[in-house]
Amino acid sequence: MKRRTITLEDVAVAASVSRATAARALSHHGYVGDETATRVQEAADRLGYRANRVAQALRSGQLPIAGFIPGDIQNPFFAGIAHDLEVELRKHGHNLLIASSGDNAAQERELLESLRALGLCGFVLTPASAASSQHIAKLARDGVPCVLIDRVAKGARCDSIVVDNVGGARAAVDYLVANGHRRIGFLRDDSQIFTAQERLAGYLRALTGHGIVPEKQLIARSRSVVEHAIAATTRLFRRRNKPTALFTVDSLMTQGALLGLRAMGLQVPHDVSLIGFDDFSLATFTDPQITVVAQPTAEIGALAARLLIERLAGDMADPQHIRFPTQLIVRGSVSCPPAR
C-alpha cells in the first residue's frame, strides 16, 4: 500500500499549533517563538514531512527558475550558452529550464505562454524571427525580465547580446579572397533568423567590396541540420562551374558541408577551401582543422545570466544592447584554389 503523503496540516496537529504557525516555523518567514519553532521542526522530522518547495514558490509568485528558449539545443553554440547560463544562475540560487523553439515563432510563443503560466521568474531567449516578435514585446511590456541573445526582436524593450555577424562574415570572405578565391559558395539557413540575414549581408558586402559580382547559384539554402547541409553541399558541388571555396553560416552547416564534400571525394583544402561561422569542438579534431569565425560564447552566456539577475533584483534602467566582436581563427582548411 502506498504511504500517505505527510502534509503541513499533519505537522500542525502533531505540534499543537495552527497551520499558519507551522508554515512560518518551517519557512522561517514571520515571527514564531523559539520553543514553538523547535516543537514544529521536531514534529516535521518525526513525521517525515518534506515541504513542496515548488508549490510554495508558485503561491508566492517567486519560482527561482529561469527559462532558456534557444532555437535548437543540439547546436553546439546554444549548448555552450546553456551550460554557462546554468553555472552563473546557480551562483545566485536560481535553476534553469530549457525548451527549444525549433526556430519556429509559433512554437516559441506557445512555450512562453506555458512557461509563464508555471511562474518562471524570467527568460533568456534567442528569437525565432526578427519580425514576428509581438509576443516577446508583450513579455517586456508585462514587466517579465527577459534577455535576448544571438538575435534581436523588433519592438521588444529587452536587454540584448549579439555579435558582429556582418563583420565576422566579411573577415571570412576577405581571407578567402586573399588566398586567391573568387568563386566563393555560401551555405545559409533558409529561415528569416536575424543572424543568418546578417551573415548573408556580410558575405555579399565582402564580395562586392573586392569587385566580385555575387552569383545566386553559389548560394545554397538548407535547414540548420547536418543531414540537410550534406544534401545542400552535394547539390552545390555537382554544378559544372562549382565554387573553389565554401563559407557556412553555423557549426551544424559546417559539419554537414565537411561530410558532404568527403562523400563526393573532394579534399579540404586541396580541392575546396572551407570556413565556418561558429567554432565547435570537432573543428580541431578533423584533418585538416577547420578555420572558423568564433564567437565569445562563454562571455555571452555569463553576461546574459548577470543581466537577468540584475533585472530580477529590480534594476529598472533602460535596456542594454551589447555587440561583441568575432574572431577569425585560422587553421588548415584554406589554401589557394586548385589550378584549372
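Residues numbered from 1 in each chain as written. Predicted model: local features only at pLDDT ≥ 70, side-chain atom pairs only at ≥ 80, totals over all residues. Heavy atoms only, no water.

Asks: Break down the sheet that holds strand β2 (residues 95-98) for me, with residues and values.
Replies: Strands belonging to one sheet form pairs held by backbone hydrogen bonds; the direction of such a pair is parallel or antiparallel. Overall, parallel pairing links the 6 strands, which are arranged β2-β1-β3-β4-β5-β11 in an open sheet. Two strands bound the open sheet, and with one partner strand each, they are β2 and β11 (321-324). This sheet shows a mean twist of 20 degrees between the axes of neighbouring strands, independent of strand direction. Judged from the 4 bridges that link them, strand β5 (residues 159-163) and β11 form a sheet pairing that is parallel. Bridging from a neighbouring strand, S160 pairs with H321 of β11. Lying on the sheet, helix α6 (residues 105-117) is in contact with β1 (63-69), β2 and β3 (120-125); it crosses β3 at an angle near 155 degrees. (Pairing = 2+ DSSP bridges. Helix = DSSP H or I, 4+ residues; strand = E, 2+ residues; numbered from the N terminus. Axes fitted to C-alpha atoms, helices over the stretch in contact; angles between N-to-C directions. Contact = heavy atoms within 4.5 Å.)

Asks: Before we move on, can you summarise the packing of helix α1 (residues 8-15) against helix α3 (residues 34-47) with the specific residues and values?
Replies: Interhelical geometry of α1 versus α3 gives an angle of 120 degrees and a closest axis separation of 9 Å. Regarding the angle of α1 to α3, the classification is oblique. Crossing angle aside, the handedness with which α1 passes α3 is right-handed. On the side of α1, the interface is formed by D10, V11, A14 and A15, while α3 contributes R39, V40, A43, A44, R46 and L47. (Parallel < 35°, antiparallel > 145°, perpendicular 65-115°, else oblique. Left-handed = near helix turned anticlockwise from the far one by under 90°.)

Asks: Any details on the pairing of β5? Residues and values, ideally.
Replies: The side chains of a regular strand alternate, first on one face of the sheet and then on the other. The buried fraction of β5 amounts to 5 of the 5 residues, a majority that puts the element mostly inside the structure. In this structure, strand β4 (residues 146-149) lies alongside β5, joined through 3 bridges in parallel fashion. If you follow I149 over to β5, its bridge partner there is I161. (Buried < 20%, exposed > 50% of the residue type's maximum accessible area, 1.4 Å probe, protein only.)

Asks: Would you mind going over the side chain of S133 in detail, with residue names and values included?
Replies: With respect to the helices, strands and loops of the structure, S133 is situated in the loop between β3 and α7 (134-141). The class for S133 is buried, based on a relative accessible area of 0%.

Asks: Give me the lowdown on the packing of aromatic side chains, citing residues and values where you can.
Replies: A complete count under the given rule lists 3 aromatic pairs for this structure. Both rings, one in F186 and one in Y203, keep their centres 4.7 Å apart while their planes meet at 15 degrees; by these two values the pair is stacked. With F186 in strand β6 (residues 184-189) and Y203 in helix α9 (residues 194-209), this pair connects stretches of sequence that are 17 residues apart. You can call F186 buried: its relative accessible area is 0%. On the basis of relative accessibility, which here comes to 1%, the residue Y203 falls in the buried class. Each member of the aromatic cluster is reached from another via a ring pair, and the members are F186, Y203 and F247. Across from the ring centre of F277, 3.7 Å away, lies the NZ or CZ of R199, which sits over that ring. (Phe/Tyr/Trp six-rings, centres within 6.5 Å; stacked < 30°, edge-to-face > 60°. Lys NZ or Arg CZ within 6 Å of the ring centre and 35° of its normal.)

Asks: Before we move on, could you go through the nonpolar core and cite the residues and values that matter?
Replies: Of all hydrophobic cores here, the largest spans 41 residues; its most connected members are V173, I184, L187, Y203 and F247. Secondary-structure elements contributing two or more residues to this core are α8 (165-178), β6, α9, α10 (226-237), β8 (245-248), α11 (251-263), β9 (273-277) and β10 (291-294). Not counting the four nearest positions on each side in its chain, L187 is found in contact with A220, S222, A229, A232, T233, L246, F247, T248, V249, M253 and A257. Counting 23 residues, the second largest nonpolar core, distinct from the first, contains F68, I149, L307 and I309. (Core = buried A, V, L, I, M, F, W, Y, C linked by side-chain atoms within 4.5 Å.)

Asks: Can you lay out the sheet that holds β6 for me, pointing to particular residues and giving the numbers?
Replies: Judged by pairing direction, the sheet is mixed, and its 6 strands sit side by side in the order β7-β6-β8-β9-β10-β12 without closing on themselves. Of all strands in the sheet, those with a lone pairing partner are β7 (219-222) and β12 (327-329), marking the two edges. Put simply, the sheet's adjacent strands are angled 20 degrees from each other on average, direction ignored. Here β9 pairs with β10 via 3 bridges, running parallel. By the bridge assignment, F277 is partnered in β10 with V293. Packing against the sheet, α11 makes contact with β6, β7, β8 and β9, and its axis sits at approximately 160 degrees to β9.

Asks: With reference to specific residues and values, describe α11.
Replies: Look at α11: 18 Å from first C-alpha to last across 13 residues, which is about the 18 Å you get at 1.5 Å a residue. Along α11, the positions that sit buried rather than exposed are S251, L252, M253, T254, Q255, G256, A257, L258, G260 and L261. Close packing links the buried residues of α11 with α5 (76-91), β6, β7, α10, β8 and β9. For α11, the side-chain oxygen to backbone nitrogen distance between the N-cap and L252 is 3.1 Å, and the N-cap itself is D250. (Expected span 1.5 Å × (residues − 1). Polar contact = N/O pair within 3.5 Å; in protein donor to acceptor, adjacent residues only side chain to side chain.)

Asks: Describe the pattern of salt bridges, with residues and values.
Replies: Where charged atoms from two side chains of opposite charge come close, those side chains can pair. Within this structure, the stated rule accounts for 13 salt bridges. One salt bridge in this structure joins E9 and R19, with 2.7 Å as the shortest N-O distance. Here R19 lies in helix α2 (residues 19-27) and E9 lies in helix α1, a separation of 10 residues in the sequence. Assessed through its relative accessible area of 42%, R19 is described here as partly exposed. (Salt bridge = Lys/Arg side-chain N within 4 Å of Asp/Glu carboxyl O.)

Structural measurements only, silent on function.
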